[in-house]
Amino acid sequence: MTTAIDVVGLRKSFGRTTALDGLDLTVREGEVHGFLGPNGSGKSTTLRILLGLLRADDGRATVLGRDPWADSTELHRSLAYVPGDVVLWPTLTGGETIDLLGRLRGGLDEDRRRRLVDAFELDETKKGKAYSKGNRQKVALVAALASEAPLLVLDEPTAGLDPLMEQVFQEELAGLRERGRTVLLSSHVLSEVERACERVSIVRAGRVVDSGTLTELRHLTRTTVQAELREVPTAAEVGAWPGTHDVSVEGSTLRLTVDPDHLDALVAALAPRGVTGLTCRPPTLEELFLARYRTEAHREEVPA
């Protein structure tokens, strides 16, 4: 599969502060890729380098086969960027801003633009200075989503949007994926990334500490199990089974978490006890994220 973004060993410091410490990132063409990490992890610095707004101290980055620093002007004709806090020209209307951004990116799909304006309930006639934060985000989103740019870089794009507009955004992301467009989505809203992204990369202290599909990352934490049983074992008995944790019993309900490698054995052990209801819930992206951070923090605390 062709690579849209390829980053190897990226390093960037600001004085004594290390923002990126050998970051590697691969975004495949045609995928929606989640870029996760808290404030200070290096996400924004990485995006600024990919956009040609900062120059890396070391390492290599290519975006759509180009050097983002040396070829930034040409590159920006092929990508659409939406920051988390959009600043508009104060005297231009929303419609004029969308037109201008569209011309910079080689044109807009006018039918899609009209549909997006209606879906986001955007009044294009207001001037930029009159827009709220949420409406400024809508202007940038319409301009990006209506463009024909093969790559979209979205940094906290739904900041300021209400839940209904976030749902519109999710539907548009699904449409982009179906059309084979490439999206790099940086977000603190883990549920947003979980719904939209095929692969995710988790950033900590300027490095990507894990990357893969959600299925591939499920190994980072345990599956939650709730079983309704006719014959309920004691919590101590279940707690002695391999791979079980956080066991509790309340009436006929057994609750626990189990390591992925021991899920089959758990289900087999429960079957003879008369299972009347069984729910197995894989870890959410938030649980994966927190588990990965706990693992990394533990490694840093243990002396080599």
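This report concerns the structure included in the present document. (Residues numbered from 1 in each chain as written. Predicted model: local features only at pLDDT ≥ 70, side-chain atom pairs only at ≥ 80, totals over all residues. Heavy atoms only, no water.)

Comments concerning the overall build of the chain
Move 1: Within the chain one finds 11 helices and 13 strands.
Move 2: On the principal axes, the C-alpha backbone points of the chain span a range of 70 × 50 × 35 Å.
Move 3: Relative to its 304 residues, the chain shows a buried fraction of 46%.
Move 4: Surface summary for the chain: the accessible area is close to 14800 Å², and the carbon and sulfur share equals 49%.
Move 5: Positive and negative charge centroids in the chain, built from 38 and 46 side chains respectively, lie 4 Å apart. (Helix = DSSP H or I, 4+ residues; strand = E, 2+ residues; numbered from the N terminus. Buried < 20%, exposed > 50% of the residue type's maximum accessible area, 1.4 Å probe, protein only. Areas by Shrake-Rupley, 256 points an atom, 1.4 Å probe, with all protein chains shown as cover. Lys, Arg positive; Asp, Glu negative; His and termini not counted. Charge placed at Lys NZ, Arg CZ, Asp CG, Glu CD.)

What about the environment of Glu 29?
Move 1: Of note, Glu 29 is situated in the loop between strand 2 (17–28) and strand 3 (32–36).
Move 2: Residues Glu 29 and Thr 182, spaced 153 residues apart in sequence, show a C-alpha to C-alpha distance of 5.5 Å.

So, the sheet that holds strand 12 (residues 253–258)
Move 1: What the four strands build is an open sheet, ordered 11-12-10-13; its pairing is antiparallel. Edge positions in the open sheet fall to strand 11 (244–250) and strand 13 (275–281), since each of these has one partner strand only. Between one strand and the next, the sheet's axes are offset by a mean angle of 15 degrees, whatever the strand orientation.
Move 2: Pairing geometry for strand 11 and strand 12, over five bridges, is antiparallel. Directly across from His 245, in strand 12, lies its bridge partner Thr 257. (Pairing = 2+ DSSP bridges. Axes fitted to C-alpha atoms, helices over the stretch in contact; angles between N-to-C directions.)

Concerning the nonpolar core
Move 1: If you look at the biggest cluster of nonpolar residues, it comprises 45 residues, and the most contacted ones within it are Phe 120, Leu 152, Leu 154, Leu 173, Val 183, Leu 185 and Val 200.
Move 2: When residues in this core are grouped by element, the largest group, seven residues, is from helix 5 (residues 133–145).
Move 3: Counting 21 residues, the second largest nonpolar core, distinct from the first, contains Leu 10, Leu 20, Leu 23 and Leu 151. (Core = buried A, V, L, I, M, F, W, Y, C linked by side-chain atoms within 4.5 Å.)

Some details on the side chain of Arg 181
Move 1: Following the sequence through the fold, Arg 181 ends up in the loop between helix 6 (163–178) and strand 7 (182–186).
Move 2: Summary of buried charges: Arg 181 has no salt-bridge partner, and the nearest side chain of opposite charge, Glu 148, is 4.7 Å away.
Move 3: A distance of 3.0 Å separates the side chain of Arg 181 from the backbone oxygen of Ser 147, its partner in a polar contact.
Move 4: Dropping the residues within four chain positions of it, Arg 181 is found in contact with Gly 30, Glu 31, Arg 112, Ala 144, Ser 147, Glu 148, Ala 149, Pro 150, Leu 152 and Leu 176. (Salt bridge = Lys/Arg side-chain N within 4 Å of Asp/Glu carboxyl O. Polar contact = N/O pair within 3.5 Å; in protein donor to acceptor, adjacent residues only side chain to side chain. Contact = heavy atoms within 4.5 Å.)

A few points about the environment of Thr 3
Move 1: Counting through the fold element by element, Thr 3 comes out in strand 1 (residues 3–14).
Move 2: Of the residues examined, Thr 3 reaches a relative accessible area of 34% and is grouped as partly exposed.
Move 3: Not counting residues within four places of it along the chain, the set of residues in contact with Thr 3 comprises Thr 26, Val 27, Arg 28 and Glu 29.

Details of the pattern of salt bridges
Move 1: Using the criterion set out here, one finds 16 salt bridges in the structure.
Move 2: Between Asp 259 and Arg 222 there is a salt bridge, with its nearest N and O atoms 3.1 Å apart. Within this pair, whereas Asp 259 is found in the loop between strand 12 and helix 10 (263–270), its partner Arg 222 is found in the loop between helix 8 (214–217) and strand 10 (223–229), the two being separated by 37 residues in sequence.
Move 3: Note that Arg 273 and Glu 237 form a salt bridge whose closest N and O atoms lie 2.9 Å from each other. Here the residue Arg 273 occupies a position in the loop between helix 10 and strand 13, and Glu 237 occupies one in helix 9 (residues 235–239), the gap between them amounting to 36 residues.
Move 4: If you follow the salt bridges from partner to partner, you end up with Asp 85, Lys 133 and Arg 136 in one network.

Examining the sheet that holds strand 4 (residues 58–63)
Move 1: Taken in spatial order, the three strands line up as 2-1-4 in an open sheet, and their pairing is antiparallel. Sheet topology places strand 2 and strand 4 at the edges, where each strand pairs with a single neighbour. Taken over all neighbouring pairs, the strand axes of this sheet differ in orientation by 15 degrees on average, direction set aside.
Move 2: Against the sheet, helix 1 (residues 43–50) engages strand 1, strand 2 and strand 4, with an angle of about 120 degrees to strand 1.

What to know about the packing of helix 3 (residues 94–104) against helix 5
Move 1: At a closest axis distance of 9 Å, the pairing of helix 3 and helix 5 adopts a crossing angle of 35 degrees. Crossing geometry of helix 3 relative to helix 5 is assigned as right-handed. Of the residues in helix 5, those touching helix 3 at Gly 94, Thr 97, Ile 98 and Leu 101 are Val 139, Val 142 and Ala 143.
Move 2: Per-class residue counts for the contact of helix 3 with helix 5 are five nonpolar, two polar and no charged. (Left-handed = near helix turned anticlockwise from the far one by under 90°. Nonpolar A, V, L, I, M, F, W, Y, C, P; charged D, E, K, R; others polar.)

Points about the environment of Ala 119
Move 1: Assignment of secondary structure puts Ala 119 in helix 4 (residues 110–119).
Move 2: Here the alpha-carbon distance between Ala 119 and Glu 172, two residues 53 residues apart in the chain, equals 9.9 Å.
Move 3: Among residues more than four places away in sequence, those in contact with Ala 119 are Met 165 and Val 168.

Some remarks on the side chain of Arg 113
Move 1: Residue placement: Arg 113 occurs in helix 4.
Move 2: The buried category is assigned to Arg 113, whose relative accessible area is 8%.
Move 3: Among the polar contacts listed, one links the side chain of Arg 113 to the backbone oxygen of Gly 95, at a separation of 3.4 Å.
Move 4: Excluding residues that lie within four positions of it along the chain, Arg 113 makes contacts with Gly 95, Ile 98, Asp 99, Leu 108, Glu 124, Val 142 and Ala 146.

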